[in-house]
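# Working through the structure, step by step
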Amino acid sequence: MYRVDYEREDMVIRVPRRLVDAESLSRFLGDVTLRSLLESTEHVETARRMERQRRLDQIPKGIALLRNPDYNKGTAFTEEEKDALGIRGLVPPRVHTIQEQMARVLENIRRKPNDLEKYIFLISLQDRNKTLFYRVLLENIEELMPIVYTPTVGEACQEYGHIFRRPRGIFITPDDRGRIVSLLRNWPHKDIRIIVVTDGERILGLGDLGADGMGIPVGKLALYTACAGIHHSRTLPVTLDVGTDNEALLSDPLYIGVRRPRLRGEEYDALVDEFVMAVQHVFPGALIQFEDFANRNAFRLLQRYRHRVCCFNDDMQGTAAVTLAGLYAALRLTGGSLKDQTILFVGAGEAGLGAGELIVSAMIAEGALPEEARSRCWFMDSKGLIVRDRDDLSPHKRAFAHAHPLVADPAEAVASLRPTALIGVSGQPGVFDARVLKAMARVNDRPVVFALSNPTAKAECTAREAYEHTDGRVIFASGSPFEPFEYRGRTVRTGQGNNVYIFPGVGLGVITSGARQVTDEMFFVAAKTLAQMVLPEDLEAGMIFPRLSRIRDVSLRIALAVAHVAYRDGLATVPRPEDLEAHIRSLVYYPDYENYV
Ligand SMILES: NC(=O)C1=CN([C@@H]2O[C@H](COP(=O)(O)OP(=O)(O)OC[C@H]3O[C@@H](n4cnc5c(N)ncnc54)[C@H](OP(=O)(O)O)[C@@H]3O)[C@@H](O)[C@H]2O)C=CC1
Ligand SMILES: CC(=O)C(=O)O
Ligand SMILES: [Mg+2]
């Protein structure tokens, strides 16, 4: 037996010696890609030549190559490639390096008059040259994440029909009932591992944007690639375009979605059900991330599918993990343990209640009794404090209803409950006004305040307001980034409490281990891992999350922790590699040009 290893995706095939002659090898290989030859034979060169030829055959030629973003290199094709691929004369003579191309991209972006124009430029680059797009995003993540993600992606979704150039992802409408399998099969890539799906009803804190919400799955998946190195050909954005109740969109001639009120009830559930089952059929085992569904559907859908298929809800579970991580990191500054904190959430929806449940589990893990842990988490919704006497509470809210008079004013609630941490997930800008922040500063040496609502215009307060109204004692984080600012002679740089710190790593851990399900325990270990990665100098500068420039490392550590849970809890379907970390590292995609000839 010659040890000749080939790779098709992540499968290694050992080839018997008798096959290692040019003809039988050719039959055997089919579309299998040669990865390495561990022992040489007289046929090694033949095998290599065949492999190069097969790769070349796969690559589009001539103008089609320049129009294919998966293969296009723009001005970076080598002289040999220009001849072999039929593009000599179709590209300018000068060959640029990817570094030179990145410099051009950055120059163009920085010249744009506003962030929406930067978004349009970047997304057009994604349409032209994916390698360059992901490389520039990865290497300039602090500067560019606010463009492809919150806050600018919010504005892009609001303008989606007006800035639309090329379609991205799959749109599924009520008329597609009975044929969703065939729609998914239309997608050009067959090895999909991660799907982000929305129905556009609660896009960030911007409400119902219908099919224009597609910008969110597209943006989230760009971050899976940039932040965790999951190859873009393995990701799929999906919008369930079930209509919209947004009158402005319905009357906008440039709206891209179906013009009808939202589908509700059994028909809606049946459409989602067909989609989820179609995914199992066409892309078995793919991770489904539910994103920006409205409250009325999000809880129910997660409940229905979480034990049946590989899925999670990012707004509940991803946000929960980043919130818990932020609290752990804050405790490194304030001292004490989580189970002794009193936490007041303003907003009792997906993000708030999801975080509440995970925090309760974390307090229990520290030795608190379940009721004791629950009694330390308080919630306010649009009607005020969630208290026992209220008779308008959903079961999810009731689980956090405690004995207390109904209070509608957050400042009053702070004065009465004396929370150590105040967490905004209400989508209501300015709800943490001077009175609320001052009340927090009165009852804490180091008040913890998270204004997690997105985009920036929906934040409960700004970073500067949080500092100014607490004499600079606040430990602050926000869902969308705030620029560094000067406060009392020093530069304050605050952290971004956003689920982007969690979902890419969780996704990488899940697909590496082939986990059948995504469990709360996975989000718990993700939170702990994230908090541990905050450096003393981050804390010193006012940041309770690691710098985004370390996001790949963060995602890798989270992936490792998540994969450990999958193996430990019997959820993995991929055999455990001897060296799990090395294995995960080997799967991480780094955007660079492949030599085609
Ligand atoms: N930073 C991050 O990573 C994330 C941030 N978010 C942000 O969190 C926000 C909320 O998202 P989500 O939980 O999914 O939305 P939901 O619609 O599920 O919940 C919103 C909650 O806010 C409450 N609310 C509305 N107005 C007020 C008010 N004036 N005072 C107090 N509470 C109020 C609502 O009350 P009622 O129940 O009475 O309607 C509801 O409980 C969004 O802006 C979103 O962008 C979400 C996910 C991740
Ligand atoms: C960040 C995010 O998922 C949200 O605001 O919905
Ligand atoms: Mg979201």
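What counts, and at which threshold
Residues numbered from 1 in each chain as written. Chains lettered and ligands numbered in written order. Predicted model: local features only at pLDDT ≥ 70, side-chain atom pairs only at ≥ 80, totals over all residues. Heavy atoms only, no water. Helix = DSSP H or I, 4+ residues; strand = E, 2+ residues; numbered from the N terminus. Rg over C-alpha atoms; globule rule 2.2 N^0.38 Å. Buried < 20%, exposed > 50% of the residue type's maximum accessible area, 1.4 Å probe, protein only. Contact = heavy atoms within 4.5 Å. Areas by Shrake-Rupley, 256 points an atom, 1.4 Å probe, with all protein chains shown as cover. Lys, Arg positive; Asp, Glu negative; His and termini not counted. Charge placed at Lys NZ, Arg CZ, Asp CG, Glu CD. Core = buried A, V, L, I, M, F, W, Y, C linked by side-chain atoms within 4.5 Å. Near = heavy atom within 4 Å. Polar contact = N/O pair within 3.5 Å; in protein donor to acceptor, adjacent residues only side chain to side chain. Nonpolar A, V, L, I, M, F, W, Y, C, P; charged D, E, K, R; others polar. Phe/Tyr/Trp six-rings, centres within 6.5 Å; stacked < 30°, edge-to-face > 60°. Lys NZ or Arg CZ within 6 Å of the ring centre and 35° of its normal. Donors = N, O, S within 2.8 Å, 3.2 Å for Na, K, Ca; no water. Domains from an automatic or database assignment. Buried area = accessible area lost by both parts, 1.4 Å probe. Salt bridge = Lys/Arg side-chain N within 4 Å of Asp/Glu carboxyl O. Pairing = 2+ DSSP bridges. Axes fitted to C-alpha atoms, helices over the stretch in contact; angles between N-to-C directions. Parallel < 35°, antiparallel > 145°, perpendicular 65-115°, else oblique. Left-handed = near helix turned anticlockwise from the far one by under 90°.

It is worth spelling out the overall build of the chain at this point. Helix and strand counts for the chain stand at 27 helices and 17 strands. Computed over its C-alpha atoms, the radius of gyration of the chain comes to 25 Å, within 12% of the 25 Å expected for a compact globule of 597 residues. Projected onto the principal axes, the alpha-carbon positions of the chain cover approximately 80 × 55 × 50 Å. Taken over 597 residues, the chain has a buried fraction of 60%. Summarising the internal contacts of the chain: among those between residues at least 6 apart in sequence, 69% fall at separations of at least 24. Carbon and sulfur atoms provide 49% of the accessible area of the chain, an area that totals close to 24300 Å². Distance between charge centroids for the chain: 2 Å, based on 75 positive and 79 negative side chains.

Right, let's get into the nonpolar core. Of all hydrophobic cores here, the largest spans 161 residues; its most connected members are I172, L184, I195 and F275. With twelve residues, helix α26 (residues 551–568) is the largest single contributor of residues to this core. Counting 31 residues, the second-largest nonpolar core is a separate cluster that includes W378, A413, V436 and V474.

Attention shifts here to the site of ligand 2. Taken together, the neighbourhood of ligand 2 is formed by Y149, R202, L204, K220, E291, D292, D314, D315, N454, N498 and N499. Note that an oxygen atom of ligand 2 is positioned 2.4 Å from one of the side-chain N or O atoms of R202. At 3.0 Å from an oxygen atom of ligand 2 is found a side-chain nitrogen or oxygen belonging to E291. Protein chains bury 91% of the 210 Å² of accessible surface belonging to ligand 2 in isolation. Per-class residue counts for the shell around ligand 2 are two nonpolar, three polar and six charged.

Time to look at the packing of aromatic side chains. Applying the stated criterion to the full structure yields 13 aromatic pairs. Aromatic pair F77 and Y596: ring centres 6.5 Å apart, planes at 40°, arrangement tilted. With F77 in the loop between α3 (63–66) and α4 (79–84) and Y596 in the segment after α27 (580–587), this residue pair connects regions lying 519 residues apart in the sequence. Judged on exposure class, the residue F77 and its partner Y596 are both buried. Joined through ring pairs, the aromatic side chains of Y71, F77 and Y596 make up one cluster. When the ring centre of Y596 is taken as reference, the NZ or CZ atom of K73 above it lies at 4.5 Å. Sitting over the ring of F400, R374 keeps its end group 4.8 Å from the ring centre.

The coordination sphere of the magnesium ion (ligand 3) contains the protein donors E291 (OE), D292 (OD) and D315 (OD), at a distance range of 2.0 to 2.1 Å. Donor residues for the magnesium ion (ligand 3), ordered by position in the chain, follow E-D-x22-D. Here D315 lies in helix α16 (residues 314–334) and D292 lies in the loop between β7 (287–290) and α15 (295–305), a separation of 23 residues in the sequence. Classification of D315 by relative accessible area gives buried; the value is 6%.

Before going further, it helps to spend a moment on the domain arrangement of the chain. In terms of domain boundaries, the chain breaks down into domain 1 (2–58), domain 2 (98–309), domain 3 (317–498) and domain 4 (503–534 + 549–587). Averaged C-alpha coordinates put domain 3 and domain 4 at centres separated by 28 Å. Between domain 3 and domain 4, the contact holds twelve residues from the first and nine residues from the second. Between domain 3 and domain 4 the total buried area reaches about 900 Å² when both faces are included, carbon and sulfur atoms providing 73% of it. Joining domain 3 to domain 4, the criterion identifies zero salt bridges. If you look at where domain 3 meets domain 4, you find three residue pairs in polar contact (both at pLDDT 80 or more). Residue assignment for the side of domain 3 that touches domain 4 shows that the elements contributing at least two residues are α16 and α17 (350–365).

Our focus in this paragraph is the pairing of strand β10 (residues 377–381). In terms of burial, β10 is largely enclosed, as five of its five residues are buried. Alternating residues of β10 divide into C377, F379 and D381 and W378 and M380, and every residue in both groups is buried. Pairing analysis gives four bridges linking strand β9 (residues 343–346) to β10, with the strands arranged parallel. Residue pairing across strands places L344 opposite W378, the latter belonging to β10. The loop that links β10 with its antiparallel partner strand β11 (residues 384–385) comprises two residues.

Its place among the elements puts T470 in the loop between α22 (463–468) and β14 (475–478). For T470, the side chain forms a polar contact with the main-chain nitrogen of V474, separated by 3.3 Å. Those residues in contact with T470, other than ones at most four positions away along the chain, are L437, A441 and P447.

In the vicinity of ligand 1 there are 27 residues, among which R202, N295, A348, S382 and K397 approach most closely. Measuring from a nitrogen atom of ligand 1, one finds a side-chain N or O atom of Q428 at 3.4 Å. Within the contact set of ligand 1, a nitrogen atom lies 2.9 Å away from a backbone nitrogen or oxygen of G497. Its free accessible area being 920 Å², ligand 1 has 84% of it covered by the protein chains. For the shell around ligand 1, the secondary-structure elements that each account for two or more residues are α16, α17 and β10. Residue composition of the shell around ligand 1, by class: seven nonpolar, 15 polar and five charged.

Time to look at the packing of helix α14 (residues 265–282) against α15. Helix-helix packing is characterised by the crossing angle of the two axes and by the distance between the axes. At a closest axis distance of 12 Å, the pairing of α14 and α15 adopts a crossing angle of 45°. Classified by the interaxial angle, the pair formed by α14 and α15 is oblique. In the packing of α14 onto α15, the handedness of the crossing is right-handed. Facing Y268, D269, V272, D273, V276 and M277 of α14, the residues of α15 in contact are N297, R300, L301, R304 and Y305.

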